[in-house]
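What follows is each chain in one-letter form.
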Amino acid sequence: MTSHRARHTARSVALAAVTAALALGLTACGGADDGSKAAVGDHAAGTAQSRSASHGDGKAGAEQANSDGDPKKRARSAIASGGTDEVASMGAATGVQQCRGDEMQVIAVHRFAGQQGDHLLVTASNEGTKPCWVTSYPAVKLGEDVDSAALPHSKKDNPGGDKHITLRPGGKAYSAVNLFDYGSKNHTAQSFAIALRGADGHNGPFYSVDTKGQKPQFSWNEADVLNWSTKKPYNF
């Protein structure tokens, strides 16, 4: 009886130990599962928070473009379509991409040649199938020296160059290259290179443009460029 009880007791202790080990194992598995779920949840929450922060920054950036922070005066995108101008609030947030350049047709006309107000009227048309936007002023290099520095922005230009001008298919934007000829030490050309400037100030690829007009050849000692606009500059 004593031996039987001893064996029975030892067997009970062994079973209890196995049961305890299984319980600990299940508890550990359950903890790992909860931890994995928590990690996934934290990751999802972090992703959502990151997205929210990203959207928030974009909105804040648009609001910072205002002169006085008034929501009614938020930076807007001017949409040019078929000769009409529309203003779309927060146009940059609608998924419209920046114009790359290859979808654009650029025409330059030499106006007021040799007179006061001598300039190249630059017209950029969206020949693509989707809207795109331009901003600031185009990067322009006169003549055939593509290694030269791009012309500066005109100090007499109107403010607002930080706006996005969204061009629907067929829409147009205008700029001008002001030409100043001060005597004999001037340069002469009949073409120039142009590139679209991004919101970060970096230039896209340059494209060659031949000037048109009664006197397509132009001369200059100094020159500067106007911001893109939905209206023709010097339209008089």
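Rules used throughout
- Residues numbered from 1 in each chain as written.
- Predicted model: local features only at pLDDT ≥ 70, side-chain atom pairs only at ≥ 80, totals over all residues.
- Heavy atoms only, no water.
- Salt bridge = Lys/Arg side-chain N within 4 Å of Asp/Glu carboxyl O.
- Buried < 20%, exposed > 50% of the residue type's maximum accessible area, 1.4 Å probe, protein only.
- Disulfide = S-S within 2.5 Å.
- Helix = DSSP H or I, 4+ residues; strand = E, 2+ residues; numbered from the N terminus.
- Pairing = 2+ DSSP bridges.
- Axes fitted to C-alpha atoms, helices over the stretch in contact; angles between N-to-C directions.

Undergrad: What is the right way to look at the pattern of salt bridges in this model?
TA: Oppositely charged side chains can form a pair if their charged atoms are brought close together. Taken as a whole and assessed by the stated rule, the structure comprises 1 salt bridge. Measuring nitrogen to oxygen at the nearest pair gives 3.1 Å for the salt bridge that ties Asp-102 to Arg-100. Arg-100 carries the same exposure label as Asp-102, and that label is exposed.

Undergrad: Before we go on, may I ask you to explain the state of the cysteines in this structure?
TA: Here is the idea: a disulfide is a covalent bond, and it sits between the sulfur atoms of two cysteines. Under the criterion given, the structure shown has 1 disulfide. Between the sulfur atoms of Cys-99 and its disulfide partner Cys-132 the distance amounts to 2.0 Å. Judged by the torsion about the S-S bond (85°), the Cys-99/Cys-132 disulfide is right-handed. Here Cys-99, found in the loop between strand E3 (97–98) and strand E4 (104–111), pairs with Cys-132, found in strand E6 (residues 132–135); they are 33 residues apart in sequence, far enough to count as distant.

Undergrad: Help me out: how do you make sense of the sheet that holds E4 in this one?
TA: The pairing of strands in a sheet happens through backbone hydrogen bonds and is either parallel or antiparallel. The strand order across the open sheet built from 7 strands is E7-E11-E12-E4-E5-E9-E14, with neighbouring strands paired in mixed fashion. Looking at the sheet topology across the chains shown, the edges are occupied by strand E7 (139–142) and strand E14 (222–225). On average, each strand axis in the sheet is inclined to that of its neighbour by 25°, with strand direction left out of account.

Undergrad: It is not clear to me how unusual backbone geometry should be interpreted in this structure. Could you clarify?
TA: It is generally the case that most residues other than glycine have a negative phi and that most peptide bonds are trans. One non-glycine residue with positive phi stands out, namely Phe-112, at about 55°. You can see Phe-112 is positioned in the loop between E4 and strand E5 (119–126).

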